[in-house]
Amino acid sequence: MAKTQVDDINRSIYNIKNEDNYSFKMKKGLDESIVRQISKMKNEPKWMLECRLKGLEMFNKLDMPTWGPDLSCLNMDDISTYVRPKSNLNSSWNDVPEEIKNTFDLLGIPEAEKKSLAGVGAQYDSEVVYHSLQEDLLKKGVIYTDFETAVREHEEIVKEYFMKCVPAEDHKFVALHYAVWSGGSFVYVPKGVDVEIPLQSYFRLNSPESGQFEHTLIIVDEGANLHFIEGCSAPKYNKVNLHAGCVELFVKENARLRYSTIENWSKNMLNLNTKKVMVEKNGVIEWVTGSFGSRISMLYPMSILKGENAKMEYTGISFAGEGQNLDTGLKVVHGAKNTASVVSSKSISKSGGIATFRSNVIVAPEADGSKSNISCESLMLDDWSVSDTIPVSNIQTDDVEFSHEAKIGKISDEAIFYLMSRGLSEEEAKAMIVRGFASPISKELPVEYAAEMNNLINLELEGAIG
Amino acid sequence: MKKMVVLNETPRRTSKSFGINNIKIENFELPELKDFSNVNIETEVNIENTVHEFKPKFSIGEVLVNQIKDQANKKLYINIDKDIKKPIVIDFELDETQNTLVDNIVIRAEEGKKGTIILKYRTKNDDVQAFHNGVCNVKAKANADIKVIILNLLNQKSENYYSMNNKLEENANLEYVIADFGGSKTVTNYYSSLIGNTSNNTVNTMYLGKEQQLLDLNYIAEVYGKKANIDIEVYGALKDNAIKHFKGTIDFKTGCKKAVGNENEYCMLLSKKAKSKALPMLLCSEDDVQGNHSNSAGKIDEDKLYYIMTRGISKKEAQKLIVKAKFNNILNKIEDETLKNELIEIIDRKLDY
């Protein structure tokens with residue numbers, strides 16, 4: 001039978017390696033002296049060092065997860081937790097060192113900034129090398145800086161929110177994050193301000209056998225609106241790299257936040273990221289996620305709908321190719337009346353890749369009138385790949401509408417036959433079906449990213465004999 | 001000695017904090033076993049009182065499996081070597097003196113043979129504190145066509161642990177109809193291995209939980225055969241403080257080309273304090289299959305209730321009507337009218353306040 005041949009993601013741009021040039025690379029492993037040293041180098045206030053030490057304590061105390069992908073390939077003694085690039089924070093691209101600038105140029109970041117972004121942050125290894133924000137947003141009081149600057153210049157507000165959404169006790173890797181965090185973004189959108197054009201942070205990990213632990217904290221104040229995009233990539237090395245970032249989001253009353261992620265780590269990356277949002281009354285969070293890279297991903301954005309009428313939308317796609325184990329999904333807690341969640345998740349697995357969808361929907365006893373609808377679809381392109389769906393629901397009140405549905409399968413012969421009867425070749429028909437499968441997600445992305453995603457799923461469909 | 005036991009492990013783990021990987025029963029104690037003779041059997045075929053050991057791949061839990069293996073006080077071996085017209089009925093009644101039943105039932109259906117087996121587990125009255133740990137093993141040879149009806153009608157004070165292990169050969173058809181109504185704790189483990197090509201396994205379960213009842217259902221089907229078909233339908237209603245965990249897994253193994261699996265769970269919540277957890281898993285390592293699952297939970301549609309009430313029926317009766325209507329498809333799979341009416345009566349009684 002003819003098999004659909006979907007090519008691997010074309011990674012040539014992402015794979016450009018720069019020499020491992022750094023001004024400082026922390027010795028491998030993790031202990032208290034390393035944590036203290038990072039804090040000292042960043043010249044942090046004492047409370048932040050205490051947060052780090054708390055993280056270290058929890059990291060040593062907590063067990064590895066007893067579920068999900070096998071993480072035995074990870075050995076903290078082989079990972080350098082802090083790598084400072086040979087660059088300071090710049091506010092002009094011209095000041096960024098040539099080598100680093102070239103990398104971001106190739107990834108199209110400055111180009112995108114000119115065309116369609118209101119602000120850009122770029123992180124290289126452990127430190128942010130570039131940050132900018134449009135003048136008029138600055139005047140409206142919008143804050144968009146790297147996280148270190150935020151700790152220095154907006155200490156009160158950072159202190160108020162840092163670690164409040166995601167506690168260090170959550171799991172082992174978020175504890176690790178708190179111990180050694182470096183870089184990341186801080187965004188504050190004041191009351192009623194509508195940031196019409198998206199802000200974007202791009203994370204690049206160049207140094208081999210190292211980890212990236214950026215912290216993102218976004219506060220969208222009452223009635224404000226923001227679209228934030230994060231992109232990530234790294235060149236491929238033979239040794240394991242680790243990404244354990246943490247994203248803490250606060251959506252206040254009547255506010256709206258769209259958080260888009262295009263994750264394209266290299267296939268030696270362990271992506272153990274944590275994202276969580278607190279949504280107040282009438283607030284809206286929209287997650288848009290594309291997971292294409294990494295060797296192992298464990299990523300489940302969590303939404304706490306704590307105010308009445310708060311809403312969550314999740315649109316995600318993952319593409320697991322050869323040697324990849326992408327374990328993704330979401331968690332949502334309906335904690336107040338009339339909260340709603342809508343989830344649409346898609347996955348494609350091929351060439352032995354493993355795509356797993358996990359979810360946990362909790363409807364608390366006080367969340368009367370809540371609605372939750374989850375739908376997942378999985379497409380398998382050959383018979384040695386794996387696609388699993390593991391959804392949990394926990395309903396604790398009667399006044400709720402909860403439904404979940406999932407489908408697994410290959411491209412249906414009937415659909416191909418139908419399109420062929422309309423004059424398409426078999427290959428064209430299959431290509432159209434796969435693109436159609438991914439289109440609800442690509443529609444949600446900004447134009448440049450939709451184009452990038454189409455690049456990523458470089459659908460050169462050949463009628464190989466399977 | 002009382003201890004905590006862990007039962008009904010799911011084939012794939014999730015985070016411990018979700019509380020659905022298994023069910024922990026505190027203060028569990030295996031009771032002293034006596035002989036059990038309160039059983040009434042109607043049959044056309046010869047039933048023997050010895051069975052062979054069984055080794056389930058996914059068991060309800062070691063402590064219960066070992067009890068059955070070593071100490072079963074009722075063993076029945078049913079060999080269906082001819083087509084049977086009238087269902088085999090095995091009716092267990094637990095009372096004050098015979099309040100513990102550990103039964104090991106093996107049903108072997110020979111090639112191309114047909115038959116229906118009804119297993120009833122009842123308590124004599126509402127005060128008996130019964131303990132039931134049982135297993136029903138079905139081996140359906142090629143082209144066999146077997147229907148098994150399992151009725152858990154124990155009272156609210158009893159403990160009920162039950163396993164079903166099935167193996168389906170080429171083109172075998174195995175249909176289960178299960179009513180899980182009784183037991184302060186009801187832990188049910190269902191495992192089917194669809195080895196034969198074009199084998200077909202359907203499971204229709206209805207459950208009812210009230211007061212402090214705890215139901216933990218763990219259904220697992222492994223699909224190996226080409227064009228095999230598995231259908232799992234579970235409908236239930238919870239009132240008062242009842243808690244239900246439903247875990248269903250359809251595992252498509254590499255090679256089960258053109259297999260189809262459907263899994264559907266629907267939970268009606270009749271009280272604010274009832275709690276429903278569900279984990280309907282689809283595991284898939286074969287592309288040429290169709291797998292669907294859905295689950296939903298919520299209260300009874302207000303409009304429907306209102307409509308029925310405008311016809312002069314009380315809210316309670318209207319609720320009962322709607323629940324029974326949901327169960328109707330499953331009830332209709334029981335051909336015996338007397339038995340069906342008996343079940344409807346029990347549903348009515350359980351839904352009364």
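See the structure shown above.
A short tour of the structure in this document, coming up.

Reading guide: rules and limits
- Residues numbered from 1 in each chain as written.
- Chains lettered and ligands numbered in written order.
- Predicted model: local features only at pLDDT ≥ 70, side-chain atom pairs only at ≥ 80, totals over all residues.
- Heavy atoms only, no water.
- Helix = DSSP H or I, 4+ residues; strand = E, 2+ residues; numbered from the N terminus.
- Rg over C-alpha atoms; globule rule 2.2 N^0.38 Å.
- Contact = heavy atoms within 4.5 Å.
- Axes fitted to C-alpha atoms, helices over the stretch in contact; angles between N-to-C directions.
- Parallel < 35°, antiparallel > 145°, perpendicular 65-115°, else oblique.
- Left-handed = near helix turned anticlockwise from the far one by under 90°.
- Nonpolar A, V, L, I, M, F, W, Y, C, P; charged D, E, K, R; others polar.
- Salt bridge = Lys/Arg side-chain N within 4 Å of Asp/Glu carboxyl O.
- Buried < 20%, exposed > 50% of the residue type's maximum accessible area, 1.4 Å probe, protein only.
- Pairing = 2+ DSSP bridges.

1. Some remarks on the overall build of chain A
Here comes step 1: A tally of regular secondary structure across chain A gives 11 helices and 27 strands.
Here comes step 2: In terms of C-alpha radius of gyration, chain A reaches 22 Å, essentially the compact-globule figure of 23 Å for 466 residues.
Here comes step 3: Along the first, second and third principal axes, the C-alpha atoms of chain A reach 70 × 55 × 45 Å.
Here comes step 4: In chain A, the share of contacts with a sequence separation of at least 24, taken over all contacts with a separation of at least 6, comes to 85%.

2. With respect to the packing of helix H1 (residues 32–41) of chain A against helix H2 (residues 46–61) of chain A
Residues and elements named next belong to chain A.
Here comes step 1: One can describe the packing of H1 onto H2 by two numbers: an axis separation of 10 Å at closest approach and a directional angle of 155°. Our classification of the angle between H1 and H2 gives roughly antiparallel. Remark: the crossing between H1 and H2 carries right-handed chirality. Seen from H1, the contacting residues are Glu-32, Val-35, Arg-36, Ile-38 and Ser-39; seen from H2, they are Leu-49, Arg-52, Leu-53 and Leu-56.
Here comes step 2: Partitioning the contact of H1 with H2 into residue classes produces 5 nonpolar, 1 polar and 3 charged.

3. Here's the deal with the pattern of salt bridges
Here comes step 1: Across all of its chains, the model carries 43 salt bridges over all chains by this definition.
Here comes step 2: Of the charged contacts in the structure, one is a salt bridge between B:Glu317 and B:Lys320, with a shortest N-O distance of 3.1 Å. In this pair, B:Glu317 and B:Lys320 are both assigned in helix H3 (residues 315–331), 3 residues apart and thus about one turn of the helix distant.
Here comes step 3: Ionic pairing is found between B:Lys320 and B:Asp352, a salt bridge with its closest N-O pair at 2.9 Å. Separated by 32 residues along the polypeptide, B:Lys320 in helix H3 and B:Asp352 in the segment after helix H4 (337–351) bring together distant segments of the chain.
Here comes step 4: The exposure class assigned to B:Lys320 is buried, which follows from its relative accessible area of 5%.
Here comes step 5: The exposure class of B:Asp352 is partly exposed, given its relative accessible area of 25%.
Here comes step 6: Within this structure, A:Lys410, A:Asp413, B:Lys258 and B:Asp288 form a network of salt bridges that share partners.

4. With respect to the pairing of strand E16 (residues 229–238) of chain B
Residues and elements named next belong to chain B.
Here comes step 1: For E16, the tally of buried residues reaches 8 of 10 residues, placing the bulk of the element in the interior.
Here comes step 2: Relative to E16, strand E14 (residues 200–209) is paired through 10 bridges, and the arrangement is parallel. The partner of Gly-209 across the bridge, within E16, is Leu-238.
Here comes step 3: Direction of pairing for E16 relative to strand E18 (residues 260–269): parallel, over a ladder of 10 bridges. Across the sheet, residue Val-234 finds its bridge partner in E18, namely Glu-265.

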